[in-house]
Amino acid sequence: MNSNTLSPAVLSTLEKISTLNRGFFTFEEGIKLFEEARNAMSEGSGYAIEVGSYCGTSTAFLGVAAKETAGVVASIDHHLGSEENGPAWESFDQALYDRERETISTLSRFRSLIHSLNLDAYVAPVTASTAVASIFLRDRADFIFIDGGHGEEVAFNDYFAYAPLVRRGGILAIHDVFEDPTRGGRPPFEIYTRAVASEQFTHASNLGSLYFLRRR
Ligand SMILES: C[S@@+](CC[C@H](N)C(=O)[O-])C[C@H]1O[C@@H](n2cnc3c(N)ncnc32)[C@H](O)[C@@H]1O
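Definitions and cut-offs
- Numbering of residues starts from 1 in each chain and follows the order in which that chain's sequence is written.
- The model is predicted, so local features are restricted to residues of pLDDT at least 70 and side-chain atom pairs to those at 80 or more, both for listing and for counting; the totals for chains, interfaces and linings are taken over all residues.
- At least two DSSP bridges between two strands are needed for those strands to be called paired.
- Starting at the N terminus, helices and strands are each numbered in turn, a helix being any DSSP run of H or I of at least four residues and a strand any DSSP run of E of at least two.
- Lines fitted to C-alpha atoms define the axes here, with helix axes fitted over just the stretch in contact, and angles between the N-to-C directions of these axes take values from 0 to 180 degrees.
- Think of it this way: build a C-beta for each residue from its backbone, and any pair within 7 Å is a contact.
- Note that the term roughly parallel is reserved for angles under 35 degrees, roughly antiparallel for angles over 145, roughly perpendicular for angles of 65 to 115, and oblique for everything else.
- Each crossing gets its hand from how the near helix is turned against the far one by less than a right angle, where anticlockwise is left-handed and clockwise is right-handed.
- Residues are sorted three ways: Asp, Glu, Lys and Arg are charged, Ala, Val, Leu, Ile, Met, Phe, Trp, Tyr, Cys and Pro are nonpolar, and all the rest, Gly among them, are polar.

What is the right way to look at the sheet that holds strand β5 (residues 123-126) in this model?
Strand pairing in a sheet is mediated by backbone hydrogen bonds. Such pairs are either parallel or antiparallel. Sheet architecture is open: 7 strands sit in the order β5-β2-β1-β6-β7-β9-β8, paired in mixed fashion. Taken across any chain shown, the strands that pair with only one partner, and hence form the sheet edges, are β5 and β8 (201-207). Neighbouring strand axes in the sheet, compared pairwise and without regard to direction, differ in orientation by 20° on average. Where strand β6 (residues 141-146) meets strand β7 (residues 166-174), 5 bridges bridge the pair, whose relative direction is parallel. Directly across from Ile146, in β7, lies its bridge partner Ile174. Relative to the sheet, helix α2 (residues 27-43) contacts β1 (47-51), β6, β7, β8 and β9 (210-215), its axis offset from that of β6 by approximately 155°.

Here you go:
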């Protein structure tokens, strides 16, 4: 998408997100996520689900889409980090480590970002494991973004729990889909191929490793 087509107010909020926060999302990916979510939400009930909030970067892009469509995004994370966010891993961020509890803790930074962007009314934080949240998040959504744990078990569990909730014509987005195994881990690519093989979803578009599938 051409970011010149966005209103100055929206563009300025989206630009602010990337300067304010740490995360695993580029500005270009954020703009693409925003656009796809806004389109799907404006054609449906205005409900999106995010699996994996971390410090809220991608959530904020979805939150702006929710604001634009008078919708809401439920963003799920236990806020304890994934295995690869732990000490001794390459994605470890010392500033997010809670020494007392001996764990990563991203909730406070997540809340601060959403609040500083005035998105509290459009983002519903769900502080739970994705498995527990799936017990009560049962409504169909226009847009579901899977970017939680990248291990095989958790990625497949997230796919089986959340992909069926995408409404007909809605969008399932998956981050870190790498066809080339030398560029990244397999599970996000495997759930993407599983979705296509299920014949419930067709490839819609992608920007780098950020993939979008449309529900038939
Ligand atoms: C790759 S990060 C998400 C990045 C985020 N979307 C962004 O744009 O910055 C993955 C997140 O998934 C969360 N996570 C991993 N496994 C989880 C599980 N089983 N239940 C809940 N959250 C989980 C981690 O706590 C981590 O914050």
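Sorry, what's going on with the environment of Glu102 here?
Along the chain, the position of Glu102 falls in the loop between β3 (97-98) and β4 (103-104). For the pair Glu102 and Pro87, spaced 15 residues apart in sequence, the C-alpha to C-alpha distance is 9.7 Å.

Would you mind going over the packing of helix α6 (residues 152-162) against helix α7 (residues 187-197) with me for this structure?
A pair of packed helices is characterised by two quantities: the angle between their axes and the separation of those axes. Interhelical geometry of α6 versus α7 gives an angle of 30° and a closest axis separation of 9 Å. As summarised for this structure, α6 and α7 are arranged roughly parallel, according to the angle between their axes. For the pair α6 and α7, the crossing hand works out as right-handed. Taken together, the residues of α7 that come into contact with α6 (itself represented by Glu152, Ala155, Phe156 and Tyr159) are Pro187, Pro188, Ile191 and Arg194. Residue composition of the contact of α6 with α7, grouped by class: 6 nonpolar, no polar and 2 charged.

What should I look at first to understand the packing of helix α1 (residues 8-20) against α2 in this one?
Relative to each other, α1 and α2 sit at 135°, their axes nearing to 10 Å. Viewed along their axes, α1 and α2 adopt a mutual orientation that is oblique. Both α1 and α2 take part in a crossing whose hand is right-handed. Facing Leu14, Ile17 and Ser18 of α1, the residues of α2 in contact are Phe27, Gly30, Ile31 and Phe34. Split by residue class, the contact of α1 with α2 holds 5 nonpolar, 2 polar and no charged.

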